[in-house]
Amino acid sequence: MAGLDGMTVVLDPVVDSGVPAAVLLSVLAAADDFAVLDASGHPLIQSEMPDFAALEGVPTHAAVAAWRWQRAVIEVHTGLPLGAAPGARPRPAFDPATTTFIQRYQAKAAEMSAVLGGPVSWQTVQAKRLAYYKRRSVVDLVDGRSTKRRRLYGATDTLVVEQLLVLVDRQRRRVDAPSDARKLFKSLRRVVRAAHGENVKVPQEPTLYKLLGRLGIDPRDWDSARGGRPAGTRVGPPFSVTKATMPGELVQIDSTDLDVWVLGDDGQPARVELTLAICVATRSIMAAVLRPKQPGRRGRRRTVGQGGLVSAPRAKGRATKAVDACELLAQALVPAPMRPGYDAAVHASSSDLPYEELVAVDPRFAHAAARPVIIPDLVVIDHGTVFAGRTFFDACEYLGISVRPARKRTGQDKAVVERSFGSIKSKFSQHVNSYTGRDPVRVRRTVDGEQLWTLAELDDLLQQWIALEWQNTPHPELADPYDAYLPHLTPNQMYAACVAVEGYLPVPLTREDYLRLLPTAWVGVSEQGIRLYNRTYDHPSRDPRQGLNPYRRVRSDLRGKRKGRWEVRYSPNDLSRVWLRDHSTNRWVEATWVHSPVIGAPFTQFLWDIAVSQHLERGGRTEDEEAIAHALAELLERAERGPEQARRVLVPDGYTPLPEPAPRREFDPYAGRGPIDWSQVPGSVPDPDGDPLGLDDTGLYGGMKGDEGLAEIDWEQDAMAPDPALDAWARAGGAGGNVESLRERYQEIFAEFDQAQDVVADDVAEGT
């Protein structure tokens, strides 16, 4: 190299008569034979830049020990320690030319025993070297015991903790006799042994004292006055620091009653339950899902034939389910689309979001509402029934989201979402015409002639309110920590500031991703199709290689509890179709309900339960699939028509007693009629002073006033049926309908009858 001019390198010619060449430094360094030589003409070995973030989050003492082990294993492997000067020679005990690996392991084990202050075997040095040179990462040299996550309860069994909390609660409510901690621990051992046997171990008293401290329970509070803080309700230490600095670092999810009446899909008033996901760092509402909430009706079913509406089998209640929580996660990962009827101000371009930057990365924002897209990293949930099963946890595991359950009876672990519910009810719910109020004693129980919003209409209003009101309202927790006089930021402004630092990575969700978030059932496929919860699903294709045909009467290759069965995904919010997954080809097959044409619209699990209840009341069975389909169609038609006339709707709330029933009224058939005018009454009517219903011997057959005489009635004559021949002759016109013609007709009939009898008698005589 002859010289360097900026980014241009001047090279000397190989021969003296040559011309110097000018080459860019980037082109020269990218050549395969490029190398930097030392003074002796040998290429220098380029050292790798260490990964400074590899040990982030590891305790300091464990990180220092890992760096020491890195220097040690490198010296054992190469003979020279890390960062040795050029030309350095190995120490005699670690020279690869004169020693074996076993000898170097033993020499390094003696050194590390002196450095670490404890015995180290040569097998440990060997294991460290092999682990490091698999990936050449210092993380593999960290002692795993230092990074082990500590649980709130330590190594104590959760069954022991639950029994301990029950005993503490009984002490707080003064159900049991007063006791100190030692007596409580004795009771705990006795209860655990009786309930769970000898398999569940109760730790020693020092460990139990530490456990009480972790739970925030002080035994001295059990004897405090009634006005003090009760035991078991003190604010204990949280799992970790509840503050978050970046979007999605900490997300809290919970459900609550929205205190609003809506018109349910069955045409009846229903309460609304709101499930919310809020980002702690930006205070943004990532997603919100509304679901109708109706309690289950209790009652026993009577035997068939007794009838009565009260004897009808009771329909199950409904509320937010695990599939709704999975839908909440899916909504948080994608931009919220603009729905028909949305105001133009709801669009993302009209907000404080970095619209231009987001559209450049994710084109879906061009038609999105002003709601941030935040990918959760850690989700905090409670112990509600929504998260009781494995559906929500499997969805989080599939999406790469960590889940942390909050402590029982500790709302402080998700205080942000709990406080947000109060703000939503005060700023949104109370402005809805069917708002019930938050006080359970004075809750509104009736809807007097008011038009209720449907669930879809109320959801549109809520989504617009979130984009226009919540995301644009300054929040006191979004203040500048270095300048208290700066104005508070809004959730959208905080999100824009965080995106400028952290960036935004779009997550496209495909059809298969949405299907994996639905509940799972394991079934077989028969000749009729898929039988799921007394419903039959099939695919219309008749091609042997299409639809469900390749899986009919075929067992899957799965083992264990799912042996031979197929995975089926379904949605409780739309039972008109299901999806079968082929594990060998990862293929999804959609199957529709065979009676879907009878209904012609999607239906929920709640409506299906109502239709089944009505069919069972009529004496049917749960296997009568087609009859239940017709009952469901009738239910949807009645719900679509609505009530025939406006009336006062009584909605019991469960807190206040029902009003007293109205007094019974005696039925009066002559109510509203004037007095009788006896001058217009016929003379044949008896004297009004006597029995008004009395009749003479002729009864109803007596003649009216002005008749020539009363008709003669032969009371001894039996009842006679009408003569069909005479009736046909009268309909044909007869002889004019006079009395003489009628008498003649009777004579003709009798003559014909006598003649027929004579003919029959002659035939019989001849035959004889």
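Residues numbered from 1 in each chain as written. Predicted model: local features only at pLDDT ≥ 70, side-chain atom pairs only at ≥ 80, totals over all residues. Heavy atoms only, no water.

A. Layout of the side chain of Arg-552. Examined against the element boundaries, Arg-552 turns out to sit in the loop between β12 (535-538) and β13 (566-571). Setting aside residues no more than four positions away along its own chain, Arg-552 makes contact with Val-525, Ser-526, Glu-527, Gln-528, Gly-529, Asp-538, His-539 and Arg-542. (Helix = DSSP H or I, 4+ residues; strand = E, 2+ residues; numbered from the N terminus. Contact = heavy atoms within 4.5 Å.)

B. The sheet that holds strand β8 (residues 402-405), seen in detail. Judged by pairing direction, the sheet is mixed, and its 5 strands sit side by side in the order β6-β5-β4-β7-β8 without closing on themselves. The sheet is open, and its two borders are formed by β6 (285-293) and β8, each paired with just one other strand. On average, adjacent strands in this sheet sit at an angle of 30° to one another, irrespective of strand direction. Pairing geometry for strand β4 (residues 251-263) and strand β5 (residues 269-279), over 10 bridges, is antiparallel. Bridging across to β5, Asp-254 finds its partner in Leu-276. Its contacts with the sheet place helix α12 (residues 455-468) against β4, β5 and β6, and it is angled at close to 160° to β6. (Pairing = 2+ DSSP bridges. Axes fitted to C-alpha atoms, helices over the stretch in contact; angles between N-to-C directions.)

C. Structural view of the packing of helix α3 (residues 101-116) against helix α4 (residues 122-135). At a minimum axis distance of 8 Å, the contact between α3 and α4 shows a crossing angle of 110°. One way to sum up the angle between α3 and α4 is to call them roughly perpendicular. Packed against α3, whose contacting residues are Phe-101, Ile-102, Tyr-105, Gln-106, Lys-108 and Ala-109, the element α4 presents Trp-122, Val-125, Gln-126 and Arg-129 at the interface. For the contact of α3 with α4, the per-class residue count stands at 6 nonpolar, 2 polar and 2 charged. (Parallel < 35°, antiparallel > 145°, perpendicular 65-115°, else oblique. Nonpolar A, V, L, I, M, F, W, Y, C, P; charged D, E, K, R; others polar.)

D. Representation of the sheet that holds strand β14 (residues 574-582). The sheet built from 6 strands is open, its strands ordered β10-β13-β14-β15-β12-β11 with antiparallel pairing. Both edges of this open sheet fall to β10 (520-523) and β11 (530-532), since each of them pairs with a single strand only. Within the sheet, the average angular offset between the axes of one strand and its neighbour, ignoring direction, is 35°. Across 3 bridges, β11 lies against β12 in antiparallel orientation. Within the sheet, the bridge partner assigned to Ile-530 lies in β12 and is Tyr-537.

E. Examining the pairing of β5 more closely. Counting buried positions over the 11 residues of β5 gives 11, a clear majority of the element. Between β4 and β5, which pair antiparallel and follow one another directly, the connecting turn spans 5 residues, one of which, Gly-267, has a positive phi of 80°. Pairing of β5 with β6, which is carried by 8 bridges, proceeds in the antiparallel orientation. Bridge pairing links Glu-273 to Arg-291 in β6. Between β5 and β6, which pair antiparallel one after the other, the connecting turn spans 5 residues, and Arg-283 there sits at a positive phi close to 60°. (Buried < 20%, exposed > 50% of the residue type's maximum accessible area, 1.4 Å probe, protein only.)

F. Representation of the state of the cysteines in the model. In the structure shown here, the tally under the stated rule is 0 disulfides. With no disulfide of its own, Cys-326 has Cys-396 as its nearest cysteine by sulfur position, at a separation of 7.1 Å. Since its relative accessible area comes to 1%, Cys-326 is described here as buried. Take Cys-396: its relative accessible area is 0%, and that puts it in the buried class. (Disulfide = S-S within 2.5 Å.)

G. Quick look at the pattern of salt bridges. Scanning all chains against the criterion turns up 26 salt bridges. Between Asp-259 and Arg-271 there is a salt bridge, with the nearest N and O atoms lying 3.5 Å from each other. Note that Asp-259 is positioned in strand β4 and Arg-271 in strand β5, a separation of 12 residues in sequence. We classify Arg-271 as buried; its relative accessible area is 15%. Asp-460 serves as the salt-bridge partner of Arg-339, at 2.7 Å between the closest nitrogen and oxygen. Here Asp-460 lies in helix α12 and Arg-339 lies in the loop between α8 (322-333) and α9 (355-361), a separation of 121 residues in the sequence. Accessibility expressed as a relative area gives 22% for Asp-460, which makes it partly exposed. (Salt bridge = Lys/Arg side-chain N within 4 Å of Asp/Glu carboxyl O.)

H. Molecular detail of the packing of helix α5 (residues 158-172) against helix α6 (residues 181-196). Two numbers describe how α5 lies on α6: the axes approach to 10 Å, and their chain directions differ by 125°. As the angle between them shows, α5 and α6 are arranged oblique. Crossing hand, α5 versus α6: right-handed. Listed contacts from α6 to Leu-159, Val-160, Gln-163, Leu-164, Leu-167 and Val-168 of α5 are Leu-184, Ser-187, Leu-188, Val-191, Val-192, Ala-195 and His-196. (Left-handed = near helix turned anticlockwise from the far one by under 90°.)

I. Summary view of the nonpolar core. One finds Ile-253, Leu-258, Phe-392, Ile-424 and Leu-458 to be the most contacted residues of the largest nonpolar core, which totals 57 residues. Those residues in contact with Leu-458, other than ones at most four positions away along the chain, are Leu-258, Val-260, Val-262, Val-272, Leu-290, Phe-428, Val-432 and Trp-453. If you look at the next biggest cluster of nonpolar residues, it comprises 33 residues, including Trp-566, Val-568, Phe-603 and Ile-610. (Core = buried A, V, L, I, M, F, W, Y, C linked by side-chain atoms within 4.5 Å.)

J. Structural context of the packing of aromatic side chains. Evaluated as defined, the whole model comprises 13 aromatic pairs. Arranged with centres 5.6 Å apart and planes meeting at 45°, the rings of Phe-428 and Trp-465 form a pair that is tilted. Placement of the pair is Phe-428 in the loop between α11 (415-427) and β9 (446-448) and Trp-465 in helix α12, with a sequence separation of 37 residues. Among the aromatic side chains, those forming a connected cluster through ring pairs are Phe-101, Tyr-105 and Trp-122. Positioned above the aromatic ring of Phe-101, the side-chain terminus of Arg-104 is 4.3 Å from the ring centre. The ring of Phe-101 carries the charged tip of Arg-129 above its face, separated from the ring centre by 4.1 Å. (Phe/Tyr/Trp six-rings, centres within 6.5 Å; stacked < 30°, edge-to-face > 60°. Lys NZ or Arg CZ within 6 Å of the ring centre and 35° of its normal.)

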